[in-house]
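# Fold and contact review
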Amino acid sequence: MNKKYAVSVRPDEHSYEIRDRIEKVLTENGYERDDENPSVVFTVGGDGTFLYAVHQYLDKLENVCFYGLHTGTLGFYTDYRDSDFDEFMDFFLKGKVTETDYPLLEIHTETQSFYALNEVRVENAARTQKMNVYINDRLFETYRGTGMCLATQLGSTAYNRSLGGAVIQEGLDVVEMSEIAGIHHIKFRSLGSPIILKSTARVTWESESFQGALLGVDAEVYPLDDVKRIDICESPVMRVRMLRGRKIRYLDRLQSLF
Ligand code: NAD
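Here is a short report on the structure shown in this document.

How each quantity is defined
Residues numbered from 1 in each chain as written. Predicted model: local features only at pLDDT ≥ 70, side-chain atom pairs only at ≥ 80, totals over all residues. Heavy atoms only, no water. Near = heavy atom within 4 Å. Polar contact = N/O pair within 3.5 Å; in protein donor to acceptor, adjacent residues only side chain to side chain. Areas by Shrake-Rupley, 256 points an atom, 1.4 Å probe, with all protein chains shown as cover. Helix = DSSP H or I, 4+ residues; strand = E, 2+ residues; numbered from the N terminus. Nonpolar A, V, L, I, M, F, W, Y, C, P; charged D, E, K, R; others polar. Contact = heavy atoms within 4.5 Å. Buried < 20%, exposed > 50% of the residue type's maximum accessible area, 1.4 Å probe, protein only. Pairing = 2+ DSSP bridges. Salt bridge = Lys/Arg side-chain N within 4 Å of Asp/Glu carboxyl O. Core = buried A, V, L, I, M, F, W, Y, C linked by side-chain atoms within 4.5 Å.

Surrounding the ligand, one finds 14 residues, the nearest of these being D47, N118, E119, T157 and S162. One of the side-chain nitrogen or oxygen atoms of N118 is found 2.9 Å away from a nitrogen atom of the ligand. Between the ligand and L154 there is a distance of 3.1 Å, counted from a nitrogen atom to a backbone nitrogen or oxygen. Burial of the ligand by the protein chains amounts to 60% of its free accessible area of 770 Å². Those elements that place two or more of their residues in the shell around the ligand are helix 2 (47-56) and helix 4 (159-162). In terms of residue count, helix 2 provides more of the shell around the ligand than any other element does, three residues in total. Here the shell around the ligand is built from residues that sort into seven nonpolar, four polar and three charged.

All right, on to the side chain of Q153 then. Looking at the element boundaries, Q153 is found in the loop between strand 10 (138-151) and helix 4. A distance of 3.0 Å separates a polar atom in the side chain of Q153 from the backbone oxygen of I168. Discounting chain neighbours no more than four positions away, the residues touching Q153 are Y102, I168, Q169, E170, G171, L172, V174 and Y250.

Our next topic: the pairing of strand 9 (residues 129-135). The alternating pattern of strand 9 places Q129, M131, V133 and I135 on a buried face, while none of K130, N132 and Y134, on the opposite face, is buried. Here strand 9 runs beside strand 10; their pairing, made up of seven bridges, is antiparallel. Looking at strand 10, one finds that K130 is bridged to R144. In sequence, strand 9 turns back onto strand 10 through a hairpin of two residues, with N136 there showing a positive phi of about 50 degrees. Bridging between strand 9 and strand 13 (residues 203-206) involves four bridges; their strand directions are antiparallel. Across the sheet, the residue bridging to N132 is E206, located in strand 13.

Moving on: the pattern of salt bridges. Throughout the structure, instances matching the rule amount to 20 salt bridges. Across the pair K96 and D90 runs a salt bridge whose closest N-O atoms are separated by 3.6 Å.

It is worth spelling out the nonpolar core at this point. Ranked by internal contacts, the top residues of the largest apolar core, which has 27 residues, are I107, W205 and I230. In contact with I107, other than residues within four places in its own chain, are Q112, S113, F114, Y115, A116, V120, L215, V217, I230, D231 and I232.

Moving on, we come to unusual backbone geometry. Although it is not a glycine, D137 sits at a positive phi angle of roughly 70 degrees. Tracing the backbone shows D137 in the loop between strand 9 and strand 10. For D137, a relative accessible area of 52% corresponds to the exposed category. Phi is positive for D218, close to 55 degrees, though the residue is something other than glycine. Tracing the sequence through the fold places D218 in the loop between strand 14 (214-217) and strand 15 (220-223).

Structure representation (structure tokens):
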């Protein structure tokens, strides 16, 4: 790893202070700030800051790894709080961090492509969204409701969990699809429960009209007015490389956060 770094920071005074401390320590140790081509991106803030940084460097993921410090409570993407600053920097400088990589979802509409670390979702607050759901090119169901969410294992504790989806233990190679306020009565039926699929599954959401719906990709949203088909799969190439310092067992992290 070369000694080029960048810092992605939540815009608040305290996080800026932490960023300045990180920069001071790195400069003293011969590191150089390079926002265009860093080999490590420090994130200072919360899970949202981490997600933002990943999206900021999407086209450089091969060469970049991310290392997160939380300025609130612990997060799923960060192992350190600001009170652990010295250990956070010490692990990095002494090379005691380990690298883990996580898959991204790859999403294609007729005209655009997107990548998601947590989840992709279609949400229509304006009217009932009807869509055909295909799994591996086979029609699985016709769904009516507010929308659908497809989450990664990492994203299973985020929006997916609020939808009643199961939390997926780290290390399991699966994705999870959940309904967002599905309509179920004598005329309209869809599965109703979340479904966990192999990570190799290809999911398609197709509709005569997604007018008024938004495509949510982690923290970002895009209009779907001219879209009729959304294809989703786990990306065969794009992965996010994350540096982990102290070892925290998945179930301990889960227990401390919820
Ligand atoms: P944010 O930074 O305020 O994050 C929203 C909340 O989601 C925070 O509490 C954050 O810690 C938590 N979060 C994010 N990723 C997580 C993960 N992988 N596991 C556990 N918790 C996680 O806001 P943002 O920047 O807009 O973050 C985008 C994410 O927020 C989306 O990817 C989505 O998962 C989540 N979100 C959740 C809901 C909901 O639960 N109803 C609604 C919208 C967005």
